[in-house]
Amino acid sequence: MRHVLSIAAIGLMLSACAASDVPDELAREVQELQDEKEIREVLVEYGEFLDARDYASYASLFASDGVWSGGFGTYTGPAAIEAMLQENMGAYPVDYVNKENFHLNTTMVVDAEGDRATARSRYLFFTASEEDRPVIALAGRYEDELVRENGEWKILTRKSHGVIPYRDGNAPPPEQAPAGVPQAGEGDSD
């Protein structure tokens, strides 16, 4: 009988310990889901802000030491990224409505752990045909590193790999084309 009581006592202790871990585990899982949601929003806003030519909001998606690298070169920090967009893509009015092109971001996979995260996703870049219909001009994938900075998720680095047309995001940026001549993958300002 003594063994039965001992086993029952051990069972009750294990149940109590497991029950006390439930709130911590649940809180951790909820935080992971919240982080993933916020990171997905950053990835979607990347295309939305660029499409709207809202360079300030676009640049604010990057960490203070965040790196943008693409057809225009490599730039570090939101101020440098915003200035690069102004210089290379021109100024637009605040109420600008883009009727020429847009990004579609898909298949986002996010892995967040603490204040750092990685993400991978796909993109399609659409332009208008001569018949004013959407046509896919570029297709590729992104590899992102993100960091939580002042309570908000920010892009630390983003690599864009062109799939169609092919462009290796690990290769150094190609030499800059003359102004107004887009390079493969440049339309999405990756």
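Here goes a summary of the coordinates provided. (Residues numbered from 1 in each chain as written. Predicted model: local features only at pLDDT ≥ 70, side-chain atom pairs only at ≥ 80, totals over all residues. Heavy atoms only, no water.)

1. Focus: the packing of aromatic side chains
This is how the line gets drawn: Pairing of aromatic side chains here covers Phe, Tyr and the six-membered ring of Trp, requires ring centres within 6.5 Å, and sorts the geometry by plane angle: under 30 degrees stacked, over 60 edge-to-face, intermediate tilted. For the purposes of this entry, the term helix denotes a DSSP run of H or I that reaches at least four residues, the term strand denotes a run of E that reaches at least two, and both are numbered from the N terminus. Each residue gets one of three labels from its accessible area relative to the maximum for its type: buried under 20%, exposed over 50%, partly exposed in between, using a 1.4 Å probe on protein chains only.
Within the structure shown, the criterion is met by 9 aromatic pairs. Ring plane angle 55° and centroid distance 6.4 Å describe the contact between Tyr46 and Phe62, whose orientation is recorded as tilted. Here Tyr46 is found in helix 1 (residues 2–51), whereas its partner Phe62 is found in strand 1 (residues 62–70), with 16 residues between them in sequence. Of the residues examined, Tyr46 reaches a relative accessible area of 1% and is grouped as buried. Residues Tyr46 and Tyr142 carry aromatic rings whose centres are separated by 5.7 Å and whose planes lie at 70° to one another, so their mutual orientation is edge-to-face. On the criterion of sequence distance, the pair formed by Tyr46 in helix 1 and Tyr142 in strand 5 (residues 134–149) is long-range, its members being 96 residues apart. Overall, the relative accessible area of 1% leaves Tyr142 in the buried class.

2. Considerations on the side chain of Ser121
Relative to the helices and strands, Ser121 is located in strand 4 (residues 116–128). Note on Ser121: relative accessible area 4%, which makes it buried.

3. What to know about the nonpolar core
Quick note on the threshold: Nine residue types can take part in a nonpolar core, namely buried Ala, Val, Leu, Ile, Met, Phe, Trp, Tyr and Cys, and a core is a set of them joined through side-chain atoms within 4.5 Å.
Of all hydrophobic cores here, the largest spans 28 residues; its most connected members are Ile39, Tyr46, Tyr58, Trp68, Ile81, Leu85 and Leu146. Those elements giving two or more residues to this core turn out to be helix 1, helix 2 (55–59), strand 1, helix 3 (78–89), strand 3 (101–113), strand 4, strand 5 and strand 6 (152–164). In terms of residue count, the dominant contributor to this core is helix 1 (5 residues).

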